[in-house]
Amino acid sequence: MRETVRPYAWWVVLGVAVGMMWTIARISVPTLTGEAIDRGIERYDSGALVGWTVAILAVGSVQAVCTGLRRYVAFRLALRTETDLRMRLVAHLQRLHFAFHDTAQTGQLMARANTDIQQIHMVVILIPLTIASILTMVGVASILIARSPLLALFALGTLPFLNIAATRFTRRMYPVGLALQEELGDLAGVVEESVTGVRVVKGFGAERLQVDRLAVEAESVYDRSIDQARLRAGFLPLIDLLPTLGLVGILWYGGHQVLEGNLTIGTVIAANFYVLMLIWPLRMLGMLLGQISRASASAGRIHEILATEPEIVDTPGAAPLAPGPGEVRFEGVRFAYGSGRPVLDGLDLVIRAGEAVALVGATASGKTTVARLVPRFYDVDSGRVLIDGADVRETRLADVRGAVGIVFEDTFLFSDTVRSNIAFADPEAPMEAVRRALDLREPTSSSRTSPRATRPSSASTATRSPAASVNGSRSRGRSSPIRAC
Ligand SMILES: Nc1ncnc2c1ncn2[C@@H]1O[C@H](COP(=O)(O)OP(=O)(O)OP(=O)(O)O)[C@@H](O)[C@H]1O
Ligand SMILES: [Mg+2]
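Residues numbered from 1 in each chain as written. Chains lettered and ligands numbered in written order. Predicted model: local features only at pLDDT ≥ 70, side-chain atom pairs only at ≥ 80, totals over all residues.

Side note on the overall build of the protein chain
Rule in force here: Only DSSP runs of H or I reaching four residues or more are called helices, and only runs of E reaching two or more are called strands; each is numbered from the N terminus. Note that contacts rest on C-beta atoms placed from the backbone: two residues are in contact if these are within 7 Å.
Tallying secondary structure elements over the protein chain gives 16 helices and six strands in all. Based on the C-alpha atoms only, the size of the protein chain along its principal axes is roughly 105 × 45 × 45 Å. Of the contacts formed within the protein chain by residues at least 6 apart in sequence, a portion of 80% connects residues at least 24 apart.

Structure below.
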């Protein structure tokens, strides 16, 4: 999180500066009020009273302006870091290898990109407010101690208990916050599967089952949220009670001091104001402590992804893919998904340039896997895959991916025009190329339909088509991005 905020250190400095101005303005009001009472009202000096009142008005105006500024700076900083973090996370997810996405749950990833990042946003918003609150507390304590150390002791003597209670509270909040974020991820997973798999759910008449699964997850989110609310409910009354105890201390001790003539009424009233002034900073602190626990659980979940390094990357000194006819060669290839049993073992295969080859075999015999190894969706465990004699692992990944086109068995349409879906990876592709791609798929289709004609209503998946059983393509030299080729 520190890394995300660092580029905007100036905004943090500005937030703190505005917060300090706000604090100075705020804590000087009770002092000015005390002076107005002692020098104006007590001495029947209306001129002095007007002077002090005008001073209070001026300071109040500064405080009001600072409130607005502080809020703007806090939100600007929080929204900026939220946007940056989300971009970083999504960009990183795109870079991660297929094997990561094979095991990652979409719902969990969505939750991390949404609710987890929002938790961090909430903490960033609270940073300038909390700094201002802490400054207020320090200011109040210093002023009270300077005026009368014993009065300060009666007013603030209970504050150390807050420290103990806060430590216990944050320690107990962390696991609950983490569990809640996990449950939110699971809930998002069930919602995502219910929506994307709606045809399967309906086809099997399993709506009731899916609703029940959703209910279980929703109840878990509810339970964890209630756990969190219960912890807060136990901690926050203490925060409200502390200033009240301070007020009792001031009235008891300060009142007796006034009766004995050791303190002025103005000093006691000012001290009263100061203690009342602690209510809001203490509440802020309570909110922040609760939020920090949840946000650090979220930050951990986001870090888990950011710390995962993509496994399929350019090797040092990877060479560009030289233009060539497009021969694909498998030499003694052995490959297994993760730690499972080998799907391919000792595969030798040569597909010469311009040759069309159909791999025919039983279901799950590894035909699709063969196609996936050419553009390095996965790396072989042993053996080599070569394009025009160049080992794909020693060639620049972008070149390999750019040279190989794949028609996936499960097609996925983005929420865009048909034309954009065909020219997905090369949005600038000329219309001519788009039509050629369409004709390759179905020779007469481009004359029958304009690729601009229809727009899918939303991203969607289509079931596998029988025509997709020939895997892979060797479109060297041609711009691979024409996805349909
Ligand atoms: N992402 C993956 N993670 C783990 N195992 C996988 C993955 N993809 C495929 N497999 C397994 O690898 C084996 C080969 O799968 P593959 O999809 O290559 O077979 P296929 O010959 O294309 O089958 P089909 O005729 O159904 O298309 C199967 O046992 C399959 O379950
Ligand atoms: Mg297959």
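Concerning the nonpolar core
For clarity, the cut-off: Each nonpolar core consists of buried Ala, Val, Leu, Ile, Met, Phe, Trp, Tyr and Cys residues. Their C-beta atoms, within 7 Å, join them into a set. Residues with at least 20 other C-beta atoms within 10 Å of their own are called buried, those with 12 or fewer are called exposed, and the rest are partly exposed. The C-beta atoms themselves are positioned from the backbone.
Within the largest apolar cluster, 56 residues are counted, with the highest numbers of intra-cluster contacts made by Val124, Leu144, Ala155 and Ala271. Broken down by secondary-structure element, the contributors of at least two residues to this core are helix H2 (9-41), helix H3 (46-95), helix H5 (106-147), helix H6 (149-156), helix H7 (159-196), helix H9 (207-259), helix H10 (265-277) and helix H11 (279-306). Here the element with the most residues in this core is H5; it accounts for 13 residues. Sequence-distant contacts of Ala155, that is, excluding residues within four places in its chain, are made with Leu144, Gly246, Gly249, Ile250, Ala271 and Val275. In this structure, Val328, Leu373, Tyr378 and Ala403 belong to the second largest nonpolar core, which totals 19 residues.

Describing the site of ligand 1
The cut-off we apply is this: Nearness here has a simple definition: the residue's C-beta atom, placed using the backbone, must lie within 6 Å of the molecule or strand. Under the grouping applied here, Gly and all other residues not named as nonpolar or charged are polar, the nonpolar ones being Ala, Val, Leu, Ile, Met, Phe, Trp, Tyr, Cys and Pro and the charged ones Asp, Glu, Lys and Arg.
For ligand 1, the full set of nearby residues is Asp102, Tyr337, Val343, Gly361, Thr363, Ala364, Ser365, Gly366, Lys367, Thr368 and Thr369. A per-element tally of the shell around ligand 1 places helix H12 (residues 367-373) first, with three residues. Taken together, the residues that form the shell around ligand 1 break down as three nonpolar, six polar and two charged.

A word on the sheet that holds strand E1 (residues 328-335)
Note the following rule: A pair of strands counts as paired when DSSP detects no fewer than two bridges linking them.
Taken in spatial order, the four strands of this open sheet run E2-E1-E3-E4, and their pairing is antiparallel. Both edges of this open sheet fall to strand E2 (344-351) and strand E4 (390-391), since each of them pairs with a single strand only. Pairing of strand E3 (residues 382-387) with E4, which is carried by two bridges, proceeds in the antiparallel orientation. Residue pairing in the sheet places Ile387 in a bridge with Ala390 of E4.

A short note on H9
For clarity, the threshold we go by: In this analysis, the expected span of each helix is defined as 1.5 Å times one less than the number of residues it contains.
For H9, with 53 residues, the first-to-last C-alpha span of 77 Å sits near the 78 Å given by 1.5 Å per residue. Those residues of H9 that sit buried are Arg224, Phe235, Ile239, Leu242, Pro243, Gly246, Gly249, Ile250 and Gly254. Buried residues belonging to H9 abut H6, H7, H10 and H11. Just downstream of H9, Gly261 is the residue with a positive phi angle, here 80 degrees.

As for the packing of H2 against H5
Under the convention used in this document: For helices, the fitted axis covers only the stretch in contact; all axes are lines through C-alpha atoms, and the angles between them, taken along N-to-C directions, range from 0 to 180 degrees. Left-handed describes a crossing whose near helix is turned anticlockwise from the far helix through less than a right angle; right-handed describes the clockwise counterpart.
The N-to-C vectors of H2 and H5 enclose an angle of 35 degrees; their axes lie 8 Å apart at closest approach. The chirality of how H2 crosses H5 is right-handed. Contact residues: H2 offers Val12, Gly15, Val16, Gly19, Met20, Trp22, Thr23, Arg26, Ile27 and Thr31, while H5 offers Ile127, Pro128, Ile131, Ala132, Leu135, Thr136, Gly139, Val140 and Ile143. Of the residues contributing to the contact of H2 with H5, the split by class is 12 nonpolar, six polar and one charged.

Description of the environment of Gly290
Along the chain, Gly290 falls in helix H11. Residue class for Gly290 comes out buried when judged on the 22 C-beta atoms lying within 10 Å of it. When the C-alpha positions of Gly290 and His101 are compared, they lie 32 Å apart, and in sequence the two are 189 residues distant. Not counting the four nearest positions on each side in its chain, Gly290 is found in contact with Met173 and Arg232.

Topic: the packing of H3 against H5
Stated precisely, the cut-off is as follows: These descriptions rest on fixed angle ranges, namely under 35 degrees for roughly parallel, over 145 for roughly antiparallel, 65 to 115 for roughly perpendicular, and the rest for oblique.
Interhelical geometry of H3 versus H5 gives an angle of 155 degrees and a closest axis separation of 9 Å. Between H3 and H5, the angle is such that the two are roughly antiparallel. Viewed along their axes, H3 and H5 form a crossing whose handedness is right-handed. Classifying every residue of the contact of H3 with H5 gives 18 nonpolar, two polar and four charged.

Topic: the confidence of the model for the protein chain
Put simply, the test is: Each residue carries a pLDDT score, the predictor's own confidence in it, on a scale running from 0 to 100.
For the protein chain, per-residue confidence averages 84 on the pLDDT scale, and residues scoring 70 or more make up 91% of the total. The low-confidence segment residues 453-485 (pLDDT under 50) makes 73 contacts with residues lying over four places distant or belonging to another chain.

A look at the pairing of E1
Looking at chain direction, E1 and E2 are connected through five bridges and run antiparallel. Looking at E2, one finds that Arg329 is bridged to Val350.

Side note on the environment of Thr167
Among the secondary structure elements, Thr167 is positioned in helix H7. Exposure remark for Thr167: the 11 C-beta atoms within 10 Å place this residue in the exposed category. When the C-alpha atoms of Thr167 and Leu289 are compared, they prove to be 8.9 Å apart, with 122 residues separating the residues in sequence.

Describing unusual backbone geometry
At Tyr44, a residue that is not glycine, the phi angle is positive and equals roughly 55 degrees. Residue placement: Tyr44 occurs in the loop between H2 and H3. One non-glycine residue, Asp388, lies in positive phi territory at about 50 degrees. For Asp388, the location among the structural elements is in the loop between E3 and E4. The exposure class assigned to Asp388 is partly exposed, which follows from the 17 C-beta atoms found within 10 Å.

Concerning the environment of Leu282
The residue Leu282 is located in helix H11 in this model. Residues Leu282 and Val59, 223 residues apart in the sequence, show an inter-C-alpha distance of 23 Å. Not counting chain neighbours up to four residues away, the residues in contact with Leu282 comprise Ile239, Leu242 and Pro243.

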